[in-house]
Amino acid sequence: MRKHLLSIDDVSADDAATLFATAAEMHDVQHREVKKLPALRGRTVINLFFEDSTRTRSSFEIAGKWLSADTINITGKGSSASKGESLRDTVLTICAMGVDALVMRHAASGAAHQVSQWVDAAVVNAGDGTHEHPSQALLDAYTLQRRIGPLEGRHVAIVGDLTHSRVFRSNVKLLLKLGARVTAVAPPTLMPSGVTPWSQADGFALSWDLDEVLPTADAVMMLRVQKERMSGGFFPTPREYTVGYGLTRDRLGVLGPDVPICHPGPMNRGLEIAADAADAAQSVVLDQVSAGVAVRMAILYHLLAGEENA
Ligand code: CP
């Protein structure tokens, strides 16, 4: 792996396979009485979150702690950023204390990339605006592989608010690298605009018709309607969104019982996903959360100790 994890562009298919193999070993730690490995003893990992998070921040913190790193959380609201300190001054100040890795989330697309130019520490992008969320895509693919086997040739439907989703962008890139076929399903107003290399790639398709796509899907990934990033009316009413694009109880009946249902969370129950689907036996939502710790342990391990411990 490269020095930083800023984008899925930093991860080759071989890198992903290596990370998944390490994550599988790390996953076992979750079931031990003593959840501690010495791999990152003496290393310091800072979680710097300028946007809210439950899963990503806590799983990176747990991952660091289980690898014996010293981990510290800093949030925008409780830091001197709220007094007007610039992002550059904030990260240079933190890194002057002797930091090995900076895991950061920021509302601005490209923020993690910019910070990686300023500091010596390894930078992990834990979500930058509507751009990317690479560790989420890695844990999603890891979860799917454990459930349905190799993703080569498998058809993954990604459904929801694609315009505002960094999870969508990272997932498309990674799933295509792993040989999966991806159909992106959204109302026209929530389709990502612009031509990107992946939108032209073999294996990638767009659809406005969820009911046409669902019967051929080997896995379904529902994405959150991100109301906080919407400045206008992207759909007439929540009810109409659910009728067109929600994974409702009726649509659950169309899916085979072995088709995993993913959602990166947090879920809008009753809007993009019905409770019946979120809580179905084939839902892997909590597997994703559990895998998040293992995959993030693997990421920190390979960025900070992988080469030397190998
Ligand atoms: N999936 C995800 O990034 O969740 P959080 O916002 O809770 O970290």
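Residues numbered from 1 in each chain as written. Predicted model: local features only at pLDDT ≥ 70, side-chain atom pairs only at ≥ 80, totals over all residues. Heavy atoms only, no water.

Chemist: Honestly, the overall build of the chain in this entry has me stumped. Any pointers?
Modeler: Within the chain, the regular secondary structure consists of 12 helices and nine strands. For the chain, whose C-alpha radius of gyration is 19 Å, the value lies close to the compact-globule estimate of 19 Å for 310 residues. Expressed along its principal axes, the backbone C-alpha trace of the chain runs to roughly 55 × 45 × 35 Å. Out of the 310 residues in the chain, the part that is buried amounts to 56%. Long-range pairs, those at least 24 residues apart, make up 75% of the contacts in the chain with a sequence separation of at least 6. Accessible surface computed for the chain: about 13,300 Å², of which carbon and sulfur atoms make up 50%. Here the chain contributes 30 positive and 35 negative side-chain charges, whose respective centroids are spaced 5 Å apart. (Helix = DSSP H or I, 4+ residues; strand = E, 2+ residues; numbered from the N terminus. Rg over C-alpha atoms; globule rule 2.2 N^0.38 Å. Buried < 20%, exposed > 50% of the residue type's maximum accessible area, 1.4 Å probe, protein only. Contact = heavy atoms within 4.5 Å. Areas by Shrake-Rupley, 256 points an atom, 1.4 Å probe, with all protein chains shown as cover. Lys, Arg positive; Asp, Glu negative; His and termini not counted. Charge placed at Lys NZ, Arg CZ, Asp CG, Glu CD.)

Chemist: What exactly am I supposed to notice about the packing of helix H5 (residues 134-148) against helix H11 (residues 285-304) here?
Modeler: Where H5 contacts H11, the axes come no closer than 8 Å and their chain directions differ by 115°. For H5 against H11, the interelement crossing comes out right-handed. Each of Ser135, Gln136, Leu138, Leu139, Asp140, Tyr142, Thr143 and Arg147 in H5 lies in contact with H11, whose residues at this interface are Asp287, Gln288, Ala291, Gly292, Val295, Arg296 and Ile299. Looking at side-chain class alone, the contact of H5 with H11 contains six nonpolar, five polar and four charged residues. (Axes fitted to C-alpha atoms, helices over the stretch in contact; angles between N-to-C directions. Left-handed = near helix turned anticlockwise from the far one by under 90°. Nonpolar A, V, L, I, M, F, W, Y, C, P; charged D, E, K, R; others polar.)

Chemist: Looking at this structure, how should I read the domain arrangement of the chain?
Modeler: What the domain assignment lists for the chain is domain 1 (8-133 + 291-309) and domain 2 (134-288). On a C-alpha basis, the centres of domain 1 and domain 2 stand 25 Å from each other. Buried surface at the junction of domain 1 and domain 2, summed over both partners, amounts to about 2,400 Å²; 60% is from carbon and sulfur atoms. Broken down residue by residue, the surface that domain 1 buries against domain 2 is led by Ile8, Phe20 and His133, which jointly contribute 31%. Scanning the region where domain 1 abuts domain 2 turns up 17 residue pairs in polar contact (both at pLDDT 80 or more). Of all the secondary structure elements, the ones that give two or more residues to the side of domain 1 that touches domain 2 are helix H1 (13-29), helix H2 (55-66), strand E3 (101-106), strand E4 (122-128) and H11. At seven residues, H1 tops the list of elements feeding residues into the side of domain 1 that touches domain 2. Along the lines of polarity and charge, the residues of the side of domain 1 that touches domain 2 split into 12 nonpolar, nine polar and seven charged. (Domains from an automatic or database assignment. Buried area = accessible area lost by both parts, 1.4 Å probe. Polar contact = N/O pair within 3.5 Å; in protein donor to acceptor, adjacent residues only side chain to side chain.)

Chemist: What am I meant to see in unusual backbone geometry here?
Modeler: Generally, phi is negative for residues other than glycine and the peptide bonds are trans, each holding for most cases. The linkage connecting Gly265 with the following residue, Pro266, adopts the cis geometry, with an omega of -10°. Unusually for a residue other than glycine, Ser68 sits at a positive phi of about 75°. Checked against the element boundaries, Ser68 lands in the loop between H2 and strand E2 (70-75).

Chemist: It is not clear to me how the site of the ligand should be interpreted in this structure. Could you clarify?
Modeler: Near the ligand the following residues occur: Ser53, Thr54, Arg55, Thr56, Arg105, His133, Gln136, Pro264 and Gly265. Within the contact set of the ligand, an oxygen atom lies 2.6 Å away from a side-chain nitrogen or oxygen of Thr56. Separating a nitrogen atom of the ligand from a backbone N or O atom of Pro264 is a distance of 2.9 Å. When the free accessible area of the ligand is taken as 260 Å², the share hidden by the protein chains comes to 91%. Both domain 1 (8-133 + 291-309) and domain 2 (134-288) contribute no fewer than three residues apiece to the shell around the ligand. (Near = heavy atom within 4 Å.)

Chemist: Please explain the side chain of Asn268 as it appears in this structure.
Modeler: On the secondary structure map, Asn268 appears in the loop between strand E9 (261-262) and helix H10 (275-278). According to the relative accessible area criterion, Asn268 is buried, its value standing at 17%. Among the polar contacts made by the side chain of Asn268, one reaches the main-chain carbonyl oxygen of Val225 at a distance of 3.1 Å. Setting aside residues up to four positions removed in sequence, Asn268 forms contacts with Arg224, Val225, Lys227 and Ile273.

Chemist: It is not clear to me how H5 should be interpreted in this structure. Could you clarify?
Modeler: Along an α-helix, residues three or four apart share an orientation, since each turn contains 3.6 residues. Spanning 15 residues, H5 covers 21 Å between terminal C-alpha atoms, matching the ideal 21 Å at 1.5 Å per step. For H5, the buried fraction is high: 12 of the 15 residues fall into the buried class. Gly149 lies just past H5 and shows a positive phi near 85°. (Expected span 1.5 Å × (residues − 1).)

Chemist: What's the story with the packing of H2 against H11 in this structure? I'm lost.
Modeler: For any two helices packed against each other, the geometry is given by the interaxial angle and the distance between the axes. Interaxial distance between H2 and H11 falls to 8 Å at its minimum, and their mutual angle equals 55°. When the axis of H2 is compared with that of H11, the two are oblique. For the element pair H2 and H11, the recorded crossing hand is right-handed. Taken together, the residues of H11 that come into contact with H2 (itself represented by Arg55, Thr56, Ser59, Phe60, Ile62, Ala63, Gly64 and Trp66) are Val289, Gly292, Val293, Arg296, Met297 and Leu300. Within the contact of H2 with H11, the residues separate by chemical class into eight nonpolar, four polar and two charged. (Parallel < 35°, antiparallel > 145°, perpendicular 65-115°, else oblique.)

Chemist: Looking at this structure, I do not really get the packing of aromatic side chains. What am I missing?
Modeler: Pairs of aromatic rings are described using the distance from one ring centre to the other and the angle between the two planes. Tallying each qualifying case throughout the model produces five aromatic pairs. Ring centres of Phe20 and Tyr142 lie 5.8 Å apart, and the angle between their planes is 55°; on these two criteria the pair is classed as tilted. A residue pair is termed long-range when its members are at least 10 positions apart, and Phe20 in helix H1 and Tyr142 in helix H5 qualify at 122 residues. Each member of the pair, Phe20 as well as Tyr142, is classed as buried. Judged by centre distance (4.9 Å) and plane angle (45°), the rings of Phe235 and Tyr241 are tilted. Here Phe235 and Tyr241 have matching classes, each one buried. Of the aromatic side chains, those joined through ring pairs into one cluster are Phe168, Trp198 and Phe204. (Phe/Tyr/Trp six-rings, centres within 6.5 Å; stacked < 30°, edge-to-face > 60°.)

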